[in-house]
Amino acid sequence: MSIVNSPADGHSQPHRAARGGHPRPRVRVPNERIAFTRMRTSQDRAADAITSFAGSLPFVYLHAVWFGVWVLLNEGVFGRAGIFDPYPFGLLTMIVSLEAIFLSTFVMVSQNREATRQNLRADLDFETNLRSEVWSVHIGKALGLDPEQIERHVQEIIEQARAGISNSQAAPVDPRMLLDLPE
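Since this is a predicted model, take the numbers as computed values, not measurements.

**Some thoughts on the pattern of salt bridges**
So, point 1. The final tally for this structure, using the stated rule, is four salt bridges.
So, point 2. A salt bridge links Asp48 to Arg113; the nearest nitrogen and oxygen atoms lie 2.3 Å apart. Residue Asp48 is located in helix H2 (residues 42–54), and its partner Arg113 is located in helix H4 (residues 90–142); the two are separated by 65 residues in the primary sequence.
So, point 3. For Asp48, a relative accessible area of 23% corresponds to the partly exposed category.
So, point 4. The partner of Glu127 in a salt bridge is Arg131, with the nearest N and O atoms 3.5 Å apart. On the criterion of helical spacing, the pair formed by Glu127 and Arg131 is a turn pair, its members being four residues apart in helix H4.
So, point 5. One connected set of salt bridges, linked through shared partners, spans Arg40, Asp44, Asp48 and Arg113.

**Notes on the confidence of the model for the protein chain**
So, point 1. Of the residues in the protein chain, 78% reach a pLDDT of 70 or more, and the chain-wide mean stands at 81.
So, point 2. Within the protein chain, the lowest mean pLDDT, 66, falls on helix H6 (residues 175–179), and the highest, 96, falls on helix H3 (residues 57–74).
So, point 3. Taken as a whole, residues 1–15 scores under 50 in pLDDT and shows 27 contacts with residues more than four places along the chain or in a different chain.

**Focus on the packing of H3 against H4**
So, point 1. Look at H3 against H4: their axes get within 12 Å of each other, and the N-to-C directions meet at 165°. Relative to H4, H3 is oriented roughly antiparallel. The way H3 lies across H4 gives a crossing that is right-handed. Between H3 and H4, the contacting residues are Phe59, His63, Trp66, Phe67 and Trp70 on the first element and Leu91, Leu92, Ile95, Val96, Glu99 and Leu103 on the second.
So, point 2. Of the residues in the contact of H3 with H4, the class split is nine nonpolar, one polar and one charged.

Analysis parameters
- Residues numbered from 1 in each chain as written.
- Predicted model: local features only at pLDDT ≥ 70, side-chain atom pairs only at ≥ 80, totals over all residues.
- Heavy atoms only, no water.
- Salt bridge = Lys/Arg side-chain N within 4 Å of Asp/Glu carboxyl O.
- Helix = DSSP H or I, 4+ residues; strand = E, 2+ residues; numbered from the N terminus.
- Buried < 20%, exposed > 50% of the residue type's maximum accessible area, 1.4 Å probe, protein only.
- pLDDT = per-residue confidence, 0-100.
- Contact = heavy atoms within 4.5 Å.
- Axes fitted to C-alpha atoms, helices over the stretch in contact; angles between N-to-C directions.
- Parallel < 35°, antiparallel > 145°, perpendicular 65-115°, else oblique.
- Left-handed = near helix turned anticlockwise from the far one by under 90°.
- Nonpolar A, V, L, I, M, F, W, Y, C, P; charged D, E, K, R; others polar.

Set out below in structure tokens:
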């Protein structure tokens, strides 16, 4: 069941609840992947494609063959007429240096974009967590629960979990402990 109501998912009109006829609220929870994809430009896609290829084994194989042929050709293995960059291969060194400069720039561009994506994900997580918190408080009030007592209980559980992690004894929290509210 989708919680996103939009024309794209067939929910162009507000829903009517089964009882009471009250409209359900329109809840829009952005999908991080869709939001990030919409932010990308053609330059971003090109940089990602280059970075993706540069981080692959075909890239390594292509360069191994390229360097091998270059060295063999310039060492005169295929005849003296083929030598155009004699040892110490200054032209090859310059080309590889320029390639490294550009590739490192593409990698930094991709890393910056990934940082932007992580920030977007964190913002969406915060929004979702805040929405959940607000709903939880309202549901708790409707059930007659004391929010302050619940929060104290949550803090105790968090402290116990953190203590277990810091002692390298990260045991799962007993679900029964989650329901046992202190008096």
